[in-house]
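Single-letter residue listing:
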Amino acid sequence: MSPLLLHPAYFPNIAHFAVIAQREVCWEVMDNFQKQTYRNRCYICTDAGRHMLNIPIKHVGGDQGRQKYIEVKLDNKYPWQRQHWRTLETAYRTSPFFEFYEDELIGLYQKPFTSLLDFNLKTIETVCQSLGIAMPTLKTEVYEKNPTEVSDARFLVNAKKDVAFEQQKYVQVFGDRHGFVENASILDLLFNEGSNALSYLKNLKIDFLDV
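Residues numbered from 1 in each chain as written. Predicted model: local features only at pLDDT ≥ 70, side-chain atom pairs only at ≥ 80, totals over all residues. Heavy atoms only, no water.

**Looking at the overall build of the protein**
What the protein contains, in helices and strands, is 7 helices and 6 strands. Across the protein, helices and strands are ordered from the amino to the carboxyl terminus as β-α-β-β-β-α-α-α-β-β-α-α-α. A globule of 211 residues ought to have a C-alpha radius of gyration of about 17 Å, and the protein, at 17 Å, matches this closely. By principal-axis analysis of the C-alpha atoms, the protein measures approximately 50 × 45 × 30 Å. Taking all 211 residues of the protein together, the buried fraction comes to 53%. Of the roughly 11,000 Å² of accessible surface on the protein, a fraction of 46% belongs to carbon and sulfur atoms. In the protein, the 24 positive side-chain charges and the 26 negative ones have mean positions that sit 6 Å from each other. (Helix = DSSP H or I, 4+ residues; strand = E, 2+ residues; numbered from the N terminus. Rg over C-alpha atoms; globule rule 2.2 N^0.38 Å. Buried < 20%, exposed > 50% of the residue type's maximum accessible area, 1.4 Å probe, protein only. Areas by Shrake-Rupley, 256 points an atom, 1.4 Å probe, with all protein chains shown as cover. Lys, Arg positive; Asp, Glu negative; His and termini not counted. Charge placed at Lys NZ, Arg CZ, Asp CG, Glu CD.)

**Considering unusual backbone geometry**
Positioned with a positive phi, F11 is a non-glycine residue whose angle comes to about 35°. Mapped onto the secondary structure, F11 falls in the loop between β1 (4-6) and α1 (14-22). The class for F11 is buried, based on a relative accessible area of 0%. Unusually for a residue other than glycine, Q36 sits at a positive phi of about 55°. Position of Q36 among the secondary structure elements: in the loop between β2 (25-27) and β3 (41-46).

Below is the structure:
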């Protein structure tokens, strides 16, 4: 079975991480950056419902409007790391497993990063370590619109298109207020399910891949 081509996203959603848990993955790192994708956003569950955490980036203007994902720099003039961590604390402090994982995660919001791609890969690596699975290391060397050596699952990074898959409900912190929020960031599953998160991911049907 050929590896699946995926974009490194910011704390990927559950569908995205189910693929990582079940299949061999190759990271797409040679494409152009696109707006309104999970490259620089994720969705968590707060007392107000589904909430977006967005990473500000330095936009290239003029004739250089397009830029490679690998070249995208974080805009650290705005204290987004501090804000994101405070939001996570507020949302998940009362969840069953927040305290179990916070020491590993807080470092991501205390250490300065310059590259969006590097930061995203580090968030995925940290979750992989928490789940007890190997971090995928394969990366693309050139961009291929229609790849032949790997199966294409890059569509999963599109934040404007919902992925249709059957997701078993689990208890969420504010589920009694808003009902079950589907396909949230992997952090939501980790904080609410802890060590059960890996078996949950492995039991999900990923037939949405259609590859």
